[in-house]
Amino acid sequence: QVQLVESGGELVQAGGSLRLSCAASGRTFNPYRMGMGWFRQAPGEEREFVAHIRWIDESTYYADSVKCRFTIFRDNGKILLYLQMNNLKPEDKAVYYCADQPDSSRGSYRMPNGYSYWGQGTQVTVSS
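Source: prediction; values computed, not measured.

Visitor: Explain the overall build of the protein chain to me, please; I cannot follow it from the model alone.
Guide: When you go through the protein chain residue by residue, the secondary structure sums to zero helices and 11 strands. The secondary structure elements of the protein chain, listed N-terminal to C-terminal, are β-β-β-β-β-β-β-β-β-β-β. Against the globule reference of 14 Å for 128 residues, the protein chain gives a C-alpha radius of gyration of 14 Å, in line with a compact fold. Considered along the principal axes of its C-alpha atoms, the protein chain spans approximately 45 × 30 × 25 Å. The contacts of the protein chain with a sequence gap of at least 6 include a subset with a gap of at least 24, amounting to 56%. Surface exposure of the protein chain reaches about 6800 Å², of which carbon and sulfur atoms provide 46%. Charge centroids of the protein chain, computed over 14 positive and 13 negative side chains, lie 3 Å from each other.

Visitor: What is the right way to read the state of the cysteines from this model?
Guide: As used here, a disulfide is simply a covalent bond connecting the sulfur atoms of two cysteines. In the structure shown here, the tally under the stated rule is one disulfide. Each sulfur in the disulfide pair Cys22 and Cys98 lies 1.9 Å from the other. Disulfide Cys22-Cys98: torsion about the S-S bond near 55°, hence right-handed. Of this pair, Cys22 sits in strand 3 (residues 18–26) while Cys98 sits in strand 9 (residues 94–101), placing them 76 residues apart in sequence.

Visitor: Mind showing me how you'd approach the nonpolar core here?
Guide: The nonpolar side chains of a soluble globular protein tend to be buried with one another. One finds Trp38, Leu83, Met85 and Tyr96 to be the most contacted residues of the largest nonpolar core, which totals 31 residues. Sorting the residues of this core by element identifies strand 1 (2–7), strand 3, strand 4 (35–41), strand 5 (48–54), strand 7 (70–74), strand 8 (80–85), strand 9 and strand 11 (122–127) as the ones contributing at least two each.

Visitor: Would you take a moment to explain the packing of aromatic side chains for this structure?
Guide: Here a ring pair, both rings aromatic, is described through the centre-centre distance and the interplanar angle of the planes. Here the structure, examined in full by the defined rule, presents eight aromatic pairs. A connected cluster of aromatic rings, assembled from ring pairs, spans Phe39, Phe49, Tyr61, Tyr97, Tyr109, Tyr115 and Trp118. Geometry around Trp55 places Arg33 over its ring, the cationic atom sitting 5.9 Å from the centre.

Visitor: For this particular structure, what's the right way to read the sheet that holds strand 7?
Guide: Picture the strands of a sheet paired through backbone hydrogen bonds; they go either parallel or antiparallel. Read from one edge of the open sheet, four strands run 1-3-8-7, paired in antiparallel fashion. Bordering the open sheet on either side are strand 1 and strand 7, each of which pairs with just one other strand. Taken over all neighbouring pairs, the strand axes of this sheet differ in orientation by 15° on average, direction set aside.

Visitor: I tried to follow the environment of Glu58 on my own but got confused; where do I start?
Guide: In this fold, Glu58 is placed in the loop between strand 5 and strand 6 (60–62). When its relative accessible area of 35% is taken as the criterion, Glu58 is described as partly exposed. In sequence terms Glu58 and Asn76 are 18 residues apart; their C-alpha atoms lie 9.5 Å from each other. In contact with Glu58, other than residues within four places in its own chain, are Ile53, Arg74 and Asn76.

Calculation rules
Residues numbered from 1 in each chain as written. Predicted model: local features only at pLDDT ≥ 70, side-chain atom pairs only at ≥ 80, totals over all residues. Heavy atoms only, no water. Helix = DSSP H or I, 4+ residues; strand = E, 2+ residues; numbered from the N terminus. Rg over C-alpha atoms; globule rule 2.2 N^0.38 Å. Contact = heavy atoms within 4.5 Å. Areas by Shrake-Rupley, 256 points an atom, 1.4 Å probe, with all protein chains shown as cover. Lys, Arg positive; Asp, Glu negative; His and termini not counted. Charge placed at Lys NZ, Arg CZ, Asp CG, Glu CD. Disulfide = S-S within 2.5 Å. Core = buried A, V, L, I, M, F, W, Y, C linked by side-chain atoms within 4.5 Å. Buried < 20%, exposed > 50% of the residue type's maximum accessible area, 1.4 Å probe, protein only. Phe/Tyr/Trp six-rings, centres within 6.5 Å; stacked < 30°, edge-to-face > 60°. Lys NZ or Arg CZ within 6 Å of the ring centre and 35° of its normal. Pairing = 2+ DSSP bridges. Axes fitted to C-alpha atoms, helices over the stretch in contact; angles between N-to-C directions.

Here you go:
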């Protein structure tokens, strides 16, 4: 079982920056995973796609709402995922989750059901 633990969420002023981290541990059953992603969920909202990185070539994909502000990247030597968030807005306030997509069998990288493993989430709060 893959364990994912997010960290780095905190209170930040609008226009500020944060970097979230996601560390993986436990058994890895598919070293050639499809990719990893970040999602977020605000109270009363559906879980929303934020960003995805394809593992084999580090191609990246972003929700329109975060393009040009957020950057997803990974440590090349181990399964360690980051989300650099710049120019944060109040609407970015949410619990942020990292997720692992071992393969494409469950669905698209843009949908929560496309992922097999999830972290517990880290709270990001943006003040006006």
